[in-house]
Amino acid sequence: FFLFMFIIFPTRIAMSAFFKAIAVVSPNDVAATGIGAICLLVFVLHSGYMLSQGDVKPYWIWAYWIDPLQYGMTALCLCE
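Residues numbered from 1 in each chain as written. Predicted model: local features only at pLDDT ≥ 70, side-chain atom pairs only at ≥ 80, totals over all residues. Heavy atoms only, no water.

S.K.: I keep staring at the environment of Tyr64 and nothing clicks. Help me out?
M.R.: Note on placement: Tyr64 falls in helix α3 (residues 61-66). A C-alpha to C-alpha distance of 12 Å links Tyr64 and Leu40, two positions 24 residues apart in sequence. Here Tyr64 is in contact with His46, Gln53, Val56 and Gln70, once residues within four sequence places are set aside. In this structure the side chain of Tyr64 is engaged in a polar contact, spanning 3.3 Å, whose partner is the side chain of Gln70. (Helix = DSSP H or I, 4+ residues; strand = E, 2+ residues; numbered from the N terminus. Contact = heavy atoms within 4.5 Å. Polar contact = N/O pair within 3.5 Å; in protein donor to acceptor, adjacent residues only side chain to side chain.)

Set out below in structure tokens:
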């Protein structure tokens, strides 16, 4: 249980910081919501649950490596 919480908490902090950064650079809240939704879609898609690293196209590999959800998912899968 504590290992799970130790992994989930930094992942949540990283995602929160990422979305706060999007909110800071966006001109208004509507744009921030749209950009955040698209980024969340890309992050969930490349988190390792739907697409593994080998299935990611070479021009999308950058999204796999910057994805905080991917690191959390990989850590949880390795610990179980």
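S.K.: Explain the environment of Gly72 to me, please; I cannot follow it from the model alone.
M.R.: Positionally, Gly72 belongs in helix α4 (residues 68-79). Look at Gly72 and you get buried, because its relative accessible area is 6%. (Buried < 20%, exposed > 50% of the residue type's maximum accessible area, 1.4 Å probe, protein only.)

S.K.: What should I look at first to understand the packing of aromatic side chains in this one?
M.R.: Remark: the centre distance and the inter-plane angle together describe each pair of aromatic rings, the angle taken between the planes. Applying the stated criterion across every chain yields a total of 5 aromatic pairs. Judged by centre distance (5.6 Å) and plane angle (70 degrees), the rings of Phe18 and Phe19 are edge-to-face. By relative accessible area, which is 26% here, Phe18 ends up partly exposed. A relative accessible area of 26% means that Phe19 is categorised as partly exposed. Ring centres 5.1 Å apart and planes at 85 degrees place the aromatic pair Tyr64 and Trp65 in the edge-to-face group. Relative accessible area serves as the criterion here: at 42%, Trp65 is assigned to the partly exposed category. (Phe/Tyr/Trp six-rings, centres within 6.5 Å; stacked < 30°, edge-to-face > 60°.)

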